[in-house]
Amino acid sequence: MIVILIFLESDLEEPFFSFLAFIFFGLIAFWVARWLFNQIKSTLKLKKDKANTELLHLQSQVNPHFFFNTLNNLYGLMDKDVGRAKSMVLKLSDMMRYSIYDGQKGLVLLEQEVEYLNNYIELHKARYHKKIDIRFTCHIQTEGVEVVPLMFIILLENAFKHGVENLREEAYIQMSLIANENEVSFAVENNFDLEEASSAHGIGIKNLKRRLQLAYPKRHSLKLKTLNDIYKAQLTLKLT
């Protein structure tokens with residue numbers, strides 16, 4: 001302002017004064033724009049940090065009851081079949097290690113997720129004293145594919161909880177996973193008892209939907225369909 005006043009009192013020609021005014025207001029505009037840019041950048045960073053924190057929190061909410069139930073089953077199995085109990089302990093240990101450590105990472109190898117699912121299936125089979133038809137086909141076309149951890153397990157948990165748990169006989173779960181460098185598709189189909197069915201989705205599905213919004217915004221598809229006593233879930237993740 002002092003500079004402007006000095007030149008207002010001088011006899012300088014109008015073009016030169018206009019040039020100085022242009023420089024002065026240009027500098028003001030530059031500093032205002034820079035301040036706005038920094039504010040927007042800080043706001044976006046805060047939103048990203050908040051989203052990452054929420055995502056980690058949701059990942060930590062993967063159903064812990066499975067681990068407690070498995071430990072109870074192991075206790076009862078110790079005196080009956082020591083060899084089988086030891087095998088279950090190793091699988092449970094691998095699952096807990098993965099859930100606690102790898103499950104908190106941003107991305108993991110898809111093969112690790114598949115191993116986690118297989119361990120989950122094997123431990124569940126050991127729980128039941130009834131025949132269950134479980135089939136899992138996996139075709140990973142490209143090595144090194146990475147995904148956000150503990151997404152698929154929620155759909156598999158649902159198949160056991162709302163299907164196998166309530167059926168006395170002829171319970172089945174069919175799963176397929178197909179992946180390449182651009183896309184991962186995971187499908188689960190199971191039957192269930194119509195008398196025990198509930199139209200409301202549990203907290204697991206709500207958790208999954210929110211995690212998908214945070215981790216794969218506009219790059220995912222989740223389709224849930226019920227036809228008579230058959231429930232189908234199809235999750236597709238776009239990697240690029």
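Residues numbered from 1 in each chain as written. Predicted model: local features only at pLDDT ≥ 70, side-chain atom pairs only at ≥ 80, totals over all residues. Heavy atoms only, no water.

A. Examining the overall build of the chain more closely. When helices and strands are tallied, the chain shows seven helices and seven strands. In the chain, the order of α-helices and β-strands from amino to carboxyl end is α-α-α-α-β-α-β-β-α-β-β-α-β-β. Here the chain holds 240 residues, and the buried ones make up 32% of them. Partitioning the intrachain contacts of the chain with sequence separation of at least 6 by distance along the chain shows that 71% fall at a separation of at least 24. (Helix = DSSP H or I, 4+ residues; strand = E, 2+ residues; numbered from the N terminus. Buried < 20%, exposed > 50% of the residue type's maximum accessible area, 1.4 Å probe, protein only. Contact = heavy atoms within 4.5 Å.)

B. Geometry of the packing of aromatic side chains. Enumeration according to the criterion identifies four aromatic pairs in this entry. Here Tyr120 and Phe160 contribute two aromatic rings whose centre-to-centre distance is 5.7 Å and whose plane-to-plane angle is 70 degrees, an arrangement assigned as edge-to-face. In this pair, Tyr120 is assigned in helix H5 (residues 110–127) and Phe160 in helix H6 (residues 152–162), connecting sequence segments 40 residues apart. Each of the two residues, Tyr120 as well as Phe160, counts as buried. (Phe/Tyr/Trp six-rings, centres within 6.5 Å; stacked < 30°, edge-to-face > 60°.)

C. Representation of the nonpolar core within the structure. Counting 53 residues, the largest nonpolar core has Phe152, Leu156 and Ile173 as its most contacted members. Among the elements that line this core, the one with the most residues is H5, at eight residues. Look past the residues within four positions of Ile173 in its chain and what remains in contact with it is Asp133, Ile134, Arg135, Leu156, Ala159, Phe160, Val164, Val188, Glu189 and Asn190. (Core = buried A, V, L, I, M, F, W, Y, C linked by side-chain atoms within 4.5 Å.)

D. Representation of the side chain of Glu113. Examined against the element boundaries, Glu113 turns out to sit in helix H5. The side chain of Glu113 is buried and forms no salt bridge, while Arg211, the nearest opposite charge, is found at 7.1 Å. Not counting residues up to four positions away in its chain, the partners in contact with Glu113 are Tyr98, Val108, Val147, Pro149, Leu150, Met151 and Phe152. (Lys, Arg positive; Asp, Glu negative; His and termini not counted. Salt bridge = Lys/Arg side-chain N within 4 Å of Asp/Glu carboxyl O.)

E. Spotlight on unusual backbone geometry. Positive phi, normally seen in glycine, also occurs at Glu170, with a value near 60 degrees. In this structure, Lys218 takes a positive phi of about 60 degrees despite not being glycine. The topology assignment puts Lys218 in the loop between helix H7 (203–215) and strand E6 (220–227). A relative accessible area of 87% means that Lys218 is categorised as exposed.

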